[in-house]
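Spelled out, the chains give:
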Amino acid sequence: MTLHPGAQAVLDLIAEAGRPSFEEMSVPDCRDAYVNSRKALQPDPIEVAEVRNLIMPGPGGDMKLRMYRATPLEEGVLQPVIVYFHGGGWVIGDLESHDTVCRELAARSGSTLISVDYRLAPEHVFPAAADDAVAATRWVADNAAELGVDANRLAVAGDSAGGNLAAVAAIAARGGGPKVAFQALLYPVTDFDLSRPSYAENGSRPPVKTETMAWFRDLYLTKQEDQKDWRAAPIHAADLSGLAPAYVLTAGYDPLRDEGKAYAEALRSAGNACTYSCYDGQIHGFLNMARINPQTFDAFAEIGAAIKSGLAR
């Protein structure tokens, strides 16, 4: 396994900039640095047919959403829909940090994508983000006709902490709905065991180190027992059967690689269809790095195709 040249270029840029690790900054500075990294790491956003900001009532008050349509609505035709949760350790990230990713996935899947601005820690600790993810998924399904989308062709998706929230939303929907037809989990957090081999191999290098993940964990969770709660760590769900078909993506040089693979294996063992894909030469967060890490576009194509197939009639 060799580090991809694009991933190496990102690491070189981080070293040259001398930016502290996230855990070495204040939360406000960390959030600013994350959004500002778009300028260096993300390409210009592609055009899609429609981008519209929405508001929904959430468990903690009004929540902001952003809707992306790959193609214009046709009268009487409902589009498949992706409910998307951004990454950022439940602490950083927002609708802006993942605007480019959301446009790409909407376009490549041929779907309407609705990005969710869920509550962040430490202002709103667990289970706030999980509650918001579940509520947003239900709201999209309940308002599908008004949104021009098909509640029977609904996917949940997200990267990193957002992949965690997508997995949680898929499990929560199994009992009382809404129907989740597909889940796309992109280098997801599924556990809080920071001692897996991928942490030993990759936990000392940016952009996400072992200390970074511990910092995110400690800002999001308030009790030791939260680490085994399936709403925080879905791999600990007592029963993973009967879930939507899944696509799980990991990166070879990512500390989170092994828990993503373990979750894919757990889904399969429970009888669910699951496609697992590891980009061996990549690092955590590479979907946000397409400006200088061109293999990202290969991943966009693969993810988009998986979602499109998963939401086909």
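On a predicted model such as this, the values are computed, not experimentally measured, just so you know.

(A) Summary view of the state of the cysteines. For the structure on display, the rule yields 0 disulfides. Here C102 is not disulfide-linked; the sulfur of C30 is the nearest cysteine sulfur, at 19 Å. We classify C102 as buried; its relative accessible area is 0%. Considering cysteine sulfurs only, C278 is the nearest to C274, which forms no disulfide, with 13 Å between them. Residue C274 is classed as buried on the basis of its relative accessible area of 12%.

(B) Region of interest: the pattern of salt bridges. A complete count under the given rule lists 19 salt bridges for this structure. With a shortest N-O distance of 2.8 Å, R196 and D191 are connected by a salt bridge. Note on accessibility: R196 and D191 belong to one class, buried. A cluster of three or more residues bridged by salt bridges with shared partners is formed by R38, R66, E96, D99 and R103.

(C) Expanded view of the nonpolar core. Of all hydrophobic cores here, the largest spans 73 residues; its most connected members are F85, V140, V156, L165, Y220 and Y263. Residue contributions to this core peak at 9 residues, all from helix α7 (residues 161-176). Beyond its immediate sequence surroundings of up to four residues, V140 is in contact with V81, V83, I114, L147, V149 and L154. In terms of nonpolar packing, the next biggest core, distinct from the first, is built from 38 residues, Y253, F286, A290 and L311 among them.

Thresholds, definitions, all that
Residues numbered from 1 in each chain as written. Predicted model: local features only at pLDDT ≥ 70, side-chain atom pairs only at ≥ 80, totals over all residues. Heavy atoms only, no water. Disulfide = S-S within 2.5 Å. Buried < 20%, exposed > 50% of the residue type's maximum accessible area, 1.4 Å probe, protein only. Salt bridge = Lys/Arg side-chain N within 4 Å of Asp/Glu carboxyl O. Core = buried A, V, L, I, M, F, W, Y, C linked by side-chain atoms within 4.5 Å. Helix = DSSP H or I, 4+ residues; strand = E, 2+ residues; numbered from the N terminus. Contact = heavy atoms within 4.5 Å.

Worth remembering: the numbers are spatial, not functional.
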